[in-house]
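Secondary and tertiary structure notes
Each chain, letter by letter, is given below.
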Amino acid sequence: MAWKRIYICKQCGYETEVYEGKGLFGQHITPMTCPECHTVQNIVVGGVIGDVAPSYRTEAGRLCLRCGSDKIKVWNLHTCPKCGGEMKVTNEKEFWT
Ligand SMILES: [Zn+2]
Ligand SMILES: [Zn+2]
């Protein structure tokens, strides 16, 4: 079981989802920010896929799902990647993977 949280930026309205907990295959999803396309990307880490594809085992060396940048960093759950404003949780839901 996992949880999904919706974060919204009060300043520019940018919205992103964050997943907590582990999925069915032992994977977790790490939100990472991309400085190139200014988005939050949900990167799947570990689990069964990590056994077959070692590059999926950690957050290191992962690429932005949108633009392919290798400069993505683990998101701090606060700073809006678009405008640098403060993002807040607006909604929380149970989420099944
Ligand atoms: Zn913003
Ligand atoms: Zn990007």
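In case you missed it, the structure is sitting above this.
What counts, and where the lines are drawn
The residue count restarts for each chain, going from 1 along the sequence in the order it is written. Numbering of ligands from 1 and lettering of chains from A proceed in the order in which they are written. Only residues with pLDDT of 70 or above have their local features reported here, since the model is predicted, and side-chain atom pairs are shown and tallied only from 80 upward, although totals for entire chains, interfaces and linings are computed over all residues. Hydrogen atoms and water are omitted, and side-chain values are computed over all heavy atoms in the structure. If DSSP finds at least two bridges between two strands, the strands pair. Counting from the N terminus, the helices are DSSP H or I runs at least four residues long and the strands are E runs at least two residues long. Paired rings are identified among Phe, Tyr and Trp, the last through its six-membered ring, by centres lying within 6.5 Å, and are further divided according to the angle between planes into stacked (under 30 degrees), edge-to-face (over 60) and tilted (the rest). Relative accessible area decides the class of each residue, using a 1.4 Å probe on protein chains only: under 20% of the type maximum gives buried, over 50% gives exposed, and in between gives partly exposed. Criterion for a charge above a ring: Lys NZ or Arg CZ within 6 Å of the ring centre, and within 35 degrees of the ring normal. Coordinating donors are taken as N, O and S atoms within 2.8 Å of the metal, stretched to 3.2 Å for Na, K and Ca; because water is absent from the atoms, sites can appear incomplete. For four-coordinate sites, all angles between 85 and 135 degrees define a tetrahedron; for four- and six-coordinate sites, opposite donors beyond 155 degrees with the remaining angles between 65 and 115 define square planar and octahedral shapes respectively, and all other cases count as irregular.

**Some points on the sheet that holds strand β3 (residues 27–34)**
Read across the open sheet, the 3 strands follow the order β4-β3-β5; overall the sheet is antiparallel. Of all the strands in the sheet, just β4 (39–46) and β5 (73–74) have a single pairing partner and so form its edges. Where β3 meets β4, 8 bridges bridge the pair, whose relative direction is antiparallel. Paired with Met 32 across the strands is Gln 41, a residue of β4.

**Some points on the packing of aromatic side chains**
For the coordinates displayed, the defined rule picks out 1 aromatic pair. Here the aromatic rings of Tyr 7 and Trp 75 are separated by 5.3 Å at their centres, their planes lie at 75°, and the arrangement is edge-to-face. On the criterion of sequence distance, the pair formed by Tyr 7 in strand β1 (residues 2–9) and Trp 75 in the loop between β5 and β6 (87–95) is long-range, its members being 68 residues apart. Here Tyr 7 matches Trp 75 in class, with each residue buried. Lying over the aromatic face of Tyr 56, Arg 62 brings its terminal NZ or CZ to 4.4 Å of the ring centre.

**Details of the coordination of the zinc ion (ligand 2)**
Within the protein, Cys 34 (SG), Cys 37 (SG), Cys 64 (SG) and Cys 67 (SG) serve as the donor atoms for the zinc ion (ligand 2), at 2.3 Å. Classification of the site at the zinc ion (ligand 2) rests on its 4 donor atoms, whose angles at the metal span 106 to 116°, yielding the label tetrahedral. Along the chain, the residues donating to the zinc ion (ligand 2) are arranged with the sequence spacing C-x2-C-x26-C-x2-C. Here Cys 37 is found in the loop between β3 and β4, whereas its partner Cys 64 is found in the loop between α1 (48–52) and β5, with 27 residues between them in sequence.

**Digging into the coordination of the zinc ion (ligand 1)**
The zinc ion (ligand 1) binds to the protein through Cys 9 (SG), Cys 12 (SG), Cys 80 (SG) and Cys 83 (SG); the donor distances cover 2.3 Å. Relative to the metal, the 4 donor atoms surrounding the zinc ion (ligand 1) lie at angles of 104 to 115°, and the coordination shape comes out tetrahedral. Mapping the donors of the zinc ion (ligand 1) onto the primary sequence yields the spacing C-x2-C-x67-C-x2-C. Remark: Cys 80 occurs in the loop between β5 and β6 and Cys 12 occurs in the loop between β1 and β2 (15–21); sequence separation between them is 68 residues.

**Examining the pairing of β3**
Counting buried residues in β3 gives 7 out of 8 residues, a clear majority hidden from the surface. Counted between consecutive antiparallel strands, the loop separating β3 from β4 contains 4 residues, among which His 38 sits at a positive phi close to 55°. Summarising the sheet, β3 and β5 pair through 2 bridges and their orientation is antiparallel. Pairing of Thr 33 across the sheet is with Lys 73, part of β5.

So far we have only geometry, and geometry alone does not tell us how the molecule works.
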